[in-house]
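# Coordinate analysis (summary)
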Amino acid sequence: MKLGIVGLPNVGKSTLFNAIVGGGAQSANYPFCTIEPNVGVVAVPDQRLDRLAELYKPDKVTPAVVEFVDIAGLVKGASKGEGLGNKFLSHIREVDAVVHVVRCFEDGDIIHVDGSVGPARDIQTVQLELILSDMDLVERRVDRCLKSAKSGDKKMLAEADLWKRVRAHLEEGKTALSFPCTPEEAELLGEVPMLSGKPVIYAANMSEADLAGDLFQNPRYREVEELAAAEGALVIPICGRLEEEVAGMDQEDKMLFLREAGLEESGLDRLIRACYALLGLISYLTAGKPEVRAWTITKGTRAPQAAGKIHSDFERGFIRAEVVAYDDLMACGSLAAAKEKGLVRSEGKEYVMQDGDVVLFRFNV
C-alpha cells in the first residue's frame, strides 16, 4: 500500500511524516522546506504477528508494510507551476490513496500561507489544484482518442466521449472520484492516474489539548468532518507533535504516554487502519519456523490469487489451501491441536480469503 501525503505548506505534513517513519524529513517554519519528496516505509502494526511469533519461535517476523510519500506543500496555482508546481504532483500520481493533512490548530509562531487557519478553505484550495492538474491529463487523453478515431475506430470515438464527460465534470470543480460511471468506464478511467480520483483520508492536525477535548465541539474539526461526509471520505484526528514525541519510544513507554494523553492507540495505528478500511484491504498470515509473515490482499481475493502474492508459482500450481482462523489457532495453542478439533480446513480454488486466515498453500509446478 502506497499513500501520498498532501496539504498546504506549514500544516504539519513533514512533522507527521517524521512521526510515521521515525524522522528524516525536513520540518521548518517556511513554505517549501520539503524540496524533494520524502519516501518512507513503515510496518503495519499487527499484534497477531507477535502472538504467532511466541507460538512458532520463527527465525524472522515480517509485517505488512505501507509506503508514505511526502511532497512539498501545495499553493494556489501549483497545477500551473506556482510554488514548486506540477513536478511535485507527479510524485503522488501512482499512490493508492491520499492522506490530506489539514491544519486545525492555532499557533502564532507558525505562519499560514493565507494568513489564518481555515480548514474548509484550505481543503478546497488543495482539491482544486488536484482537479486542475487532472484536467491537463484528461485534455491530452481526449486529443489522443480523437486522433485515433480519425481512422474510423468507433471504440476510440466512444472513449473520447467518455473523457469529454470527465472533463466537463472536472470543470465544475468536482473530483474524478465523484464522476458517475459504469464498471467498464471505471476500468478505462483507472488507466489514467488522476489525483482527484484517489480515495482520500483527511488527517485533521490538532493541538494536544484539542485532541483530548470534545472533537465535535471543535469548529475547525467539524468543518473537516462536514466536507469529508459530503465526499464520502474519512477523517482521522491527529496531533503531529504528539506523534513525533512518541515515535522513538519503545512500545511499553509509548502506550503509557498515549494513555496519559487520553488515547488508546497512536495516530499511525488509526491512520493505517483507516487506510485499510478505505481501500478494502485485509491481511492473511503465514506461520512456521523460518518465518511468520503478514500479506496484504484486497477483500474478496480467492485463495490462488492470494497464494500468488507469495510467488507466481504458488498461484500457477495451486492445489489447495490449508486454513485455520487465527482466533481458533490461538485458542487451541498449536496447529496440531487445531487439527484434532477439526478447525484446520482444506479449501479449494473458489475459497475467498478472510482477514486473519493462517494459511499453508499446497502447490505443484
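Structure's up top.
Conventions adopted
Residues numbered from 1 in each chain as written. Predicted model: local features only at pLDDT ≥ 70, side-chain atom pairs only at ≥ 80, totals over all residues. Heavy atoms only, no water. 1 Å grid on protein atoms, 1.4 Å probe; cavity = no way out; pocket = protein on both sides within 12 Å on 5 of 7 lines; lining within 4 Å. Points joined across faces, edges and corners; volume = space filled by probe spheres on them. Helix = DSSP H or I, 4+ residues; strand = E, 2+ residues; numbered from the N terminus. Nonpolar A, V, L, I, M, F, W, Y, C, P; charged D, E, K, R; others polar. Axes fitted to C-alpha atoms, helices over the stretch in contact; angles between N-to-C directions. Parallel < 35°, antiparallel > 145°, perpendicular 65-115°, else oblique. Contact = heavy atoms within 4.5 Å. Expected span 1.5 Å × (residues − 1). Buried < 20%, exposed > 50% of the residue type's maximum accessible area, 1.4 Å probe, protein only. Arc of directions from axis to C-beta. Polar contact = N/O pair within 3.5 Å; in protein donor to acceptor, adjacent residues only side chain to side chain. Pairing = 2+ DSSP bridges. Phe/Tyr/Trp six-rings, centres within 6.5 Å; stacked < 30°, edge-to-face > 60°. Lys NZ or Arg CZ within 6 Å of the ring centre and 35° of its normal.

### Digging into the layout of surface pockets
A volume near 880 Å³ is recorded for the largest pocket. Along the wall of the largest pocket there are 38 residues; nearest its centre are Val 44, Pro 45, Asp 46, Gln 47 and Asp 269. The dominant element in the lining of the largest pocket, judged by the number of residues it contributes, is helix α11 (residues 267-279), at 7 residues. Here the lining of the largest pocket is built from residues that sort into 21 nonpolar, 6 polar and 11 charged.

### Quick notes on the packing of helix α4 (residues 119-149) against helix α8 (residues 219-231)
A pair of packed helices can be characterised by two numbers: the angle between their axes and the separation between those axes. Their axes nearest at 8 Å, the elements α4 and α8 cross at an angle of 40°. Classified by the interaxial angle, the pair formed by α4 and α8 is oblique. Residues Pro 119, Ala 120, Ile 123, Gln 124 and Gln 127 of α4 form the contact with α8, whose participating residues are Arg 220, Glu 223, Val 224, Leu 227 and Glu 231. Grouping the amino acids of the contact of α4 with α8 by side-chain chemistry returns 5 nonpolar, 2 polar and 3 charged.

### Let's talk about α8
With 13 residues, α8 extends 19 Å from end C-alpha to end C-alpha; this agrees with the ideal 18 Å at 1.5 Å per step. Of all the positions in α8, only Tyr 221, Val 224, Leu 227 and Ala 228 are classed as buried. The buried residues of α8 all sit within an arc of 130° when viewed along its axis, so they share a single face. What points out from α8, more than 90 degrees from its buried face, is the exposed set Glu 226, Ala 229 and Ala 230.

### As for the side chain of Arg 141
Checked against the element boundaries, Arg 141 lands in helix α4. Among the polar contacts made by the side chain of Arg 141, one reaches the side chain of Glu 159 at a distance of 3.5 Å. If we skip the residues at most four places from it in the chain, Arg 141 touches Glu 159, Trp 163, Glu 191 and Val 192.

### Topic: the sheet that holds strand β7 (residues 234-238)
The mixed open sheet is built from 6 strands, whose spatial order is β2-β4-β1-β5-β6-β7. The sheet is open, and its two borders are formed by β2 (38-43) and β7, each paired with just one other strand. On average, each strand axis in the sheet is inclined to that of its neighbour by 25°, with strand direction left out of account. Pairing analysis gives 6 bridges linking β2 to strand β4 (residues 65-70), with the strands arranged antiparallel. Its bridge partner lying in β4, Asn 38 is registered against Asp 70. Running over the sheet, α8 touches β5 (97-103), β6 (200-205) and β7 and is turned about 160° from β7. Relative to the sheet, α11 contacts β1 (2-6), β2, β4, β5, β6 and β7, its axis offset from that of β7 by approximately 175°.

### Thoughts on the packing of aromatic side chains
Geometrically, a pair of aromatic rings is defined through the distance of the ring centres and the angle of the planes. Enumeration according to the criterion identifies 5 aromatic pairs in this entry. The interplanar angle of 15° and the centroid separation of 6.4 Å between the aromatic rings of Tyr 284 and Trp 295 together place this pair among those described as stacked. Taken together, the positions of Tyr 284 in strand β8 (residues 281-287) and Trp 295 in strand β9 (residues 291-298) put the pair 11 residues apart, joining distant regions of the chain. Like Trp 295, Tyr 284 is buried. By way of ring pairs, the aromatic residues Tyr 284, Trp 295, Phe 318 and Phe 361 are connected into one cluster. We note Arg 293 situated over the ring of Trp 295; from NZ or CZ to the ring centre the distance is 4.0 Å.

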